[in-house]
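The primary structure of each chain is shown beneath.
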Amino acid sequence: MVTRSCAVLIALLASLIAPATTTATAAPATFTHPGVVVSRPQLDFVRAKVQAGAQPWKTAYDRMMASKYADLNRVPKPRAVVECGSYSNPNLGCTDEREDAIAAYTMSLAWYMTRDDRYAQKAIQLMDVWSATIRDHTGSNAPLQTAWSASSWPKAAEIIEHVRGNWPNSGRFATMLRDVYLPEIGNGRVDTAGNWELSMMEATLGIAVFLEDRAVYDRAVGIFRGRLPAFIYLTGDGALPKTRPGSAVDARDEIISYWYGQDTFVDGLTQETCRDFTHTAYGLAAAAHFAETARHQGQDLWGRDPGADAPRVGIAHEVPER
């Protein structure tokens with residue numbers, strides 16, 4: 001049973017259309033900062049609500065500040081090489097890197113809400129020690145690990161660099177994103193599960209915004225447009241789901257196997273629905289974050305996508321109720 005709220009999100013995401021290629025002309029002439037997932041007007045709105053003690057914002061803020069990610073005594077654990085295998089075996093720095101990145105973003109949000117500079121300094125410390133140390137990601141889960149960490153780093157960096165300022169090592173941090181993270185995720189991975197490539201594109205788009213790299217931004221949008229219709233099925237796709245452009249998966253049995261044995265297709269199924277809802281949620285969340293970042297940069301990927309070759313109808317108009 002698909003709830004209406006879940007169906008709305010699935011439908012909204014499913015309206016982002018895939019072209020036949022992975023090229024796009026999407027990047028803004030001028031980038032908006034901060035503009036990765038959250039914007040300055042959104043941050044100001046939440047800050048005003050928190051200061052007024054309004055709900056549910058105040059409760060969410062209190063929970064954030066009580067979390068381990070807002071602990072000013074946090075000790076970062078950078079590594080030169082983060083090695084991550086399947087099912088976290090081995091886990092050599094994987095959890096540490098991912099959680100330090102989340103903490104940097106949490107600290108940057110805490111600073112924005114309070115203007116207590118201790119939080120900004122902690123966010124900067126976390127970003128600085130990692131940019132001074134990390135050189136590579138290895139292991140079978142390296143692309144996913146890189147994506148998860150790189151989804152958080154730019155969100156923190158955007159707030160610190162473009163609102164607070166006075167970050168001497170921001171250039172080194174930018175070099176880390178370009179030289180360590182982008183090579184692992186920037187070109188996507190055609191035949192991985194959808195949550196992998198959508199997470200990789202979320203991270204790539206965030207990096208592109210922070211670096212103000214129009215070519216990387218365009219490539220991410222192109223890959224995203226090709227991946228999303230291959231992740232969410234709509235009846236208009238035909239008897240079988242679409243496949244990602246460039247994928248070797250094309251025969252009926254191969255597609256069903258790729259969809260974890262699903263052979264009955266209805267509106268709103270994702271490629272990982274029959275795998276588990278956790279991985280399905282990872283993919284949907286990454287897609288939503290991607291679309292929201294693009295929105296802050298002046299591109300509407302939530303409704304019709306005018307840059308796509310064959311746009312589906314905007315999701316808000318085609319929400320299946322079950």
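Here, every reference points to the structure presented above.
Remember, it's a predicted structure, so these values are computed and weren't measured experimentally. Think of each chain on its own: its residues are numbered from 1, step by step along the sequence as written. Per-residue local features of the predicted model are confined to residues with pLDDT of at least 70, and side-chain atom pairs are confined, for both listing and counting, to 80 or more; whole-chain, interface and lining totals are unaffected and use all residues. Processing note: side-chain calculations cover all non-hydrogen atoms of the structure and skip hydrogens and water entirely.

A.B. asks: Which residues make up the packing of aromatic side chains, and what are the values?
C.D. replies: The rule is short: rings of Phe, Tyr and Trp, with Trp giving its six-membered ring, pair when the centres are within 6.5 Å, and they are stacked under 30 degrees, edge-to-face over 60, tilted in between. For the structure on display, the rule yields 12 aromatic pairs. For the ring pair Trp148 and Tyr282, a centre distance of 5.8 Å and an interplane angle of 70 degrees mean the geometry is edge-to-face. Linking Trp148 in helix H6 (residues 142-164) with Tyr282 in helix H11 (residues 277-296), this pair joins segments that are 134 residues apart in sequence. Here Trp148 falls in the partly exposed class, since its relative accessible area comes to 29%. The buried label applies to any residue whose accessible area, calculated with a 1.4 Å probe on protein chains only, is under 20% of its type's maximum; exposed applies above 50%, and partly exposed to all values in between. Taking the relative accessible area as the measure of exposure, Tyr282 reaches 36% and is therefore partly exposed. Here a strand is any run of E in DSSP of at least two residues, a helix any run of H or I of at least four, and the numbering for each starts at the N terminus.

A.B. asks: Pulling in residues and values, what's your account of the side chain of Glu158?
C.D. replies: Relative to the helices and strands, Glu158 is located in helix H6. In protein, a polar contact means a hydrogen-donor-capable atom and an acceptor-capable atom, both N or O and within 3.5 Å, with residues adjacent in sequence counting only if both atoms are side-chain atoms; elsewhere, any N or O pair within 3.5 Å suffices. A polar atom in the side chain of Glu158 sits 2.9 Å from the side chain of His33. Setting aside anything within four residues of it in sequence, one finds Glu158 in contact with Thr32, His33, Pro34, Gly35, Val36, Val163, Val209 and Phe210. The contact criterion used throughout is that any non-hydrogen atoms of two residues lie within 4.5 Å.

A.B. asks: Please provide a residue-by-residue account of the pattern of salt bridges, values included.
C.D. replies: When a carboxyl oxygen of Asp or Glu is within 4 Å of a side-chain nitrogen of Lys or Arg, the pair counts as a salt bridge. The tally for this structure, following the rule as stated, stands at 11 salt bridges. For Glu272, the salt bridge goes to Arg275, with nearest N and O atoms at 2.5 Å. Residue class for Arg275 comes out partly exposed when judged on its relative accessible area of 33%. Notably, a salt bridge pairs Glu292 with Arg295, separated by 2.6 Å at the nearest N-O pair. Linking Glu292 with Arg295, this pair stays in helix H11, spanning 3 residues, or about one helical turn. The class for Glu292 is buried, based on a relative accessible area of 15%. The exposure class of Arg295 is partly exposed, given its relative accessible area of 40%. Taken together, the salt bridges that share partners define one network made up of Lys68, Arg74, Glu99 and Asp100.

A.B. asks: Which residues make up empty space enclosed by the protein, and what values do they have?
C.D. replies: Lining residues are defined by having an atom within 4 Å of a point belonging to a cavity or pocket. Those points lie on a 1 Å grid over the protein atoms alone, cavities being sets where a 1.4 Å probe fits but cannot get out and pockets being open sets with protein on both sides within 12 Å along at least five of seven lines. Grid points are joined across faces, edges and corners, and a volume is the space filled by probe spheres set on the points. Enumeration according to the criterion identifies 1 cavity of 30 Å³ or more in this entry. Of the residues in the lining of the largest cavity, the class split is 6 nonpolar, 2 polar and 3 charged. Gly counts as polar in this scheme, as do all residues outside two lists: the nonpolar Ala, Val, Leu, Ile, Met, Phe, Trp, Tyr, Cys and Pro, and the charged Asp, Glu, Lys and Arg.

A.B. asks: Any details on the pairing of strand S3 (residues 81-84)? Residues and values, ideally.
C.D. replies: Of the two faces of S3, the one holding Val82 and Cys84 is buried and the one holding Val81 and Glu83 is not buried anywhere. Strand pairing follows a simple DSSP-based rule, namely that at least 2 bridges must link the two strands. Sheet topology places S3 next to strand S5 (residues 136-138); 3 bridges connect them, and they run parallel. From the neighbouring strand, Glu83 faces S5, where its bridge partner is Thr138. Examined bridge by bridge, S3 and strand S4 (residues 91-92) share 2 bridges and lie antiparallel to one another. Each residue of the ladder has a partner; that of Cys84, found in S4, is Asn91.

Keep in mind these values describe shape, not function.
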